[in-house]
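Each chain, written out:
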Amino acid sequence: MIRTFAIAGSLALGIAASGPAQAQDEILNVSYDIARELYAAINPAFLDQYEGGDALTISQSHAGSSKQARAILQGLQADLVTFNQVLDVEILAENGFVAEDWQDQFPNNASPYYSLPAFMVREGNPQEIDGWDDLARDGVSVIFPNPKTSGNGRYTYLAAWAWALEEFDGDEDRVREYMNAVLDNVEVFDTGGRGATTTFVERGIGDVLVTFEAEALNISGQTEGYETVVPAQSLLAEFPVAVVERVAEQRGTGEVARDYLNFLYSTEGQEILASFNNRVHDEAVVEANADRFPETDLFTVEDVFGSWTEAQETHFGSGGVLDQLLRN
């Protein structure tokens with residue numbers, strides 16, 4: 001059983017339970033599935049340095065990033081979002097919940113930290129899984145969340161596709177053949193990243209879990225019997241943040257929501273983010289943690305797929321490439 005990182009369910013903070021914010025002295029951070037423990041550490045650090053922090057309550061809500069975006073559209077009263085995929089913030093912007101120029105409101109395209117899809121394997125790496133090609137081998141059982149419901153899963157799918165596209169010199173027939181083999185090896189498609197971790201760790205299913213490097217390092221570092229493998233090539237996974245202005249303006253929480261997100265860019269915030277094995281931008285924090293993060297070549301969604309919108313329409317929309325592959 002994992003002690004430090006709660007595998008299943010929503011994390012009760014003592015600061016506040018997950019759920020919609022109810023008053024101006026309370027803000028709700030709606031976030032992705034595996035960020036529970038991260039923001040449980042961020043919240044008290046922010047409150048300690050925030051004027052009036054004694055009177056402020058920070059609530060958290062965690063689920064698959066895309067599921068969270070849909071919940072906000074359906075009425076979840078988020079003051080701010082800390083997601084794991086640009087597309088999910090774009091959906092909020094398109095519907096008037098987030099400013100159209102949200103990526104210009106904070107540094108690094110409103111992404112205070114980043115990660116990449118990596119592999120968590122069982123101790124000793126008995127299947128000798130080192131790269132993306134190994135996920136397609138006969139007899140390898142793969143776990144990663146459903147790309148239809150999880151930003152984590154979409155990153156994994158797109159990273160595998162990008163690797164194959166380069167490996168096979170743009171031959172899409174061979175890329176599809178490879179992707180078919182990978183998908184055939186997936187034993188369980190959980191709806192979110194933490195559910196996939198639960199399947200791999202607590203249920204003991206699979207030879208390899210593909211998840212964010214930060215999640216793999218956090219779990220394998222706290223739990224005996226697991227190792228993290230960072231592939232030589234992977235996909236840049238940005239973690240975009242935004243104020244949900246439609247809600248924050250109504251509730252008078254816009255200023256504190258912006259201050260909270262700006263705290264993620266502070267040296268203290270960057271140190272906490274890095275302590276949870278996220279890659280950050282602050283030069284001093286990067287240098288202090290350089291030995292913890294192996295070098296890897298990162299594709300970007302924009303370079304390989306044009307944009308998140310194009311990737312969504314081509315691969316994850318109804319009848320798209322993913323649906324086609326799953327029907328084979």
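A. Highlighting the packing of aromatic side chains. Within this structure, the stated rule accounts for 17 aromatic pairs. Ring geometry for Phe144 and Phe189: centres 5.4 Å apart, planes at 75 degrees, overall edge-to-face. Remark: Phe189 occurs in the loop between strand E7 (186-188) and helix H7 (193-201) and Phe144 occurs in the loop between strand E6 (142-143) and helix H5 (151-167); sequence separation between them is 45 residues. By relative accessible area, which is 27% here, Phe189 ends up partly exposed. Each member of the aromatic cluster is reached from another via a ring pair, and the members are Tyr32, Tyr113, Tyr155, Phe212, Phe239 and Trp308. The ring of Phe316 carries Arg154 above its face, with NZ or CZ at 5.9 Å from the centroid. Taking the ring centre of Phe97 as reference, the NZ or CZ of Arg246 above it sits at 4.2 Å.

B. Summary view of the nonpolar core. Ranked by size, the top nonpolar core spans 92 residues in total, and within it Ile72 and Tyr178 carry the most contacts. Both of domain 1 (23-114 + 238-292) and domain 2 (117-235 + 296-327) provide at least three residues apiece to this core. For Ile72, the residues in contact, after removing those within four places along its chain, are Val30, Ala78, Val81, Phe83, Leu92, Phe97 and Val244.

C. Just a negative patch on the surface, in detail. On the surface, Glu128, Asp130, Asp133, Glu166, Glu167, Asp169, Asp171, Asp173, Glu177, Glu295 and Asp297 cluster together into a patch of negative charge. Of all the secondary-structure elements, those providing two or more residues to the negative patch are H5 and helix H6 (172-184). Summarising the element assignment, Glu167 is placed in helix H5.

D. Layout of the pattern of salt bridges. One pass over the structure, following the stated rule, counts nine salt bridges. For Glu37, the salt bridge identified is with Arg194, shortest N-O distance 3.1 Å. Note that Glu37 is positioned in helix H1 (residues 36-49) and Arg194 in helix H7, a separation of 157 residues in sequence. The exposure class assigned to Arg194 is buried, which follows from its relative accessible area of 1%. Lys148 is the salt-bridge partner of Asp323, the closest N and O atoms lying 3.2 Å from each other. Remark: Lys148 occurs in the loop between E6 and H5 and Asp323 occurs in helix H15 (residues 321-327); sequence separation between them is 175 residues. For Asp323, a relative accessible area of 18% translates into the label buried.

E. Just the confidence of the model for the protein chain, in detail. With 93% of its residues at a pLDDT of at least 70, the protein chain reaches an overall mean of 91. With pLDDT under 50 throughout, residues 1-23 is counted as low confidence; its partners more than four residues away or in other chains account for 60 contacts.

F. Quick look at the pairing of strand E2 (residues 57-62). Within E2, five of the six residues are buried, leaving the element largely enclosed by the surrounding structure. Examined bridge by bridge, strand E1 (residues 26-31) and E2 share six bridges and lie parallel to one another. Bridge assignment links Val30 to a residue of E2, and that residue is Ser61. What joins E1 to E2 is H1, and the crossover it makes is right-handed.

G. Spotlight on the sheet that holds strand E13 (residues 279-280). Taken together, the three strands give an open sheet; going across it, the order is E11-E4-E13, and neighbouring strands pair in antiparallel fashion. Edge strands, defined here as strands with exactly one partner in the open sheet, are strand E11 (237-238) and E13. Inspection of the sheet shows strand E4 (residues 113-115) paired to E11 by two bridges, in the antiparallel sense. The residue bridging Ser115 from the neighbouring strand is Ala237, located in E11.

What counts and how
- Residues numbered from 1 in each chain as written.
- Predicted model: local features only at pLDDT ≥ 70, side-chain atom pairs only at ≥ 80, totals over all residues.
- Heavy atoms only, no water.
- Phe/Tyr/Trp six-rings, centres within 6.5 Å; stacked < 30°, edge-to-face > 60°.
- Helix = DSSP H or I, 4+ residues; strand = E, 2+ residues; numbered from the N terminus.
- Buried < 20%, exposed > 50% of the residue type's maximum accessible area, 1.4 Å probe, protein only.
- Lys NZ or Arg CZ within 6 Å of the ring centre and 35° of its normal.
- Core = buried A, V, L, I, M, F, W, Y, C linked by side-chain atoms within 4.5 Å.
- Domains from an automatic or database assignment.
- Contact = heavy atoms within 4.5 Å.
- Patch = residues over 30% accessible without salt bridge, like charges linked within 9 Å, V, L, I, M, F, W, Y side chains within 5 Å.
- Areas by Shrake-Rupley, 256 points an atom, 1.4 Å probe, with all protein chains shown as cover.
- Salt bridge = Lys/Arg side-chain N within 4 Å of Asp/Glu carboxyl O.
- Lys, Arg positive; Asp, Glu negative; His and termini not counted.
- Charge placed at Lys NZ, Arg CZ, Asp CG, Glu CD.
- pLDDT = per-residue confidence, 0-100.
- Pairing = 2+ DSSP bridges.
- Right-handed = clockwise from strand over helix to strand, strands pointing away.

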